[in-house]
Amino acid sequence: MATATVELSDMLKGIPSGAWVAISERLHKVVAYGVDPQAVLNESHSKGEERPLIVRVPDQNSAMFL
């Protein structure tokens, strides 16, 4: 079975710098984003994501550490 590779940069396209993002561990896609990390986590939980990856979108000129 072939698996598609999803690039993080592709997932974050269109999301503003500084936003917090919840990424589905199962679906490999953004399920919520916003300015408050707790609100993003709550929204992802309400959508059925038990363990989303929460990251902050960096400024365009900075590095991202996970």
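Right above here is the structure, for reference.
Residues numbered from 1 in each chain as written. Predicted model: local features only at pLDDT ≥ 70, side-chain atom pairs only at ≥ 80, totals over all residues. Heavy atoms only, no water.

K.L.:
How should the sheet that holds strand 1 (residues 20–23) be read in this particular structure?
P.N.:
Either a parallel or an antiparallel arrangement is found when strands of a sheet pair, and the pairing is made through backbone hydrogen bonds. Spatially, the 3 strands line up as an open sheet ordered 2-1-3, and their pairing is antiparallel. The open sheet has two edge strands with one neighbour each: strand 2 (30–34) and strand 3 (53–56). Going across the sheet, the axis of each strand differs from the next one's by a mean of 20°, ignoring polarity. For strand 1 and strand 3, the ladder comprises 4 bridges, and the chain directions are antiparallel. The residue of strand 3 that forms the bridge with Ala22 is Ile54. (Pairing = 2+ DSSP bridges. Helix = DSSP H or I, 4+ residues; strand = E, 2+ residues; numbered from the N terminus. Axes fitted to C-alpha atoms, helices over the stretch in contact; angles between N-to-C directions.)

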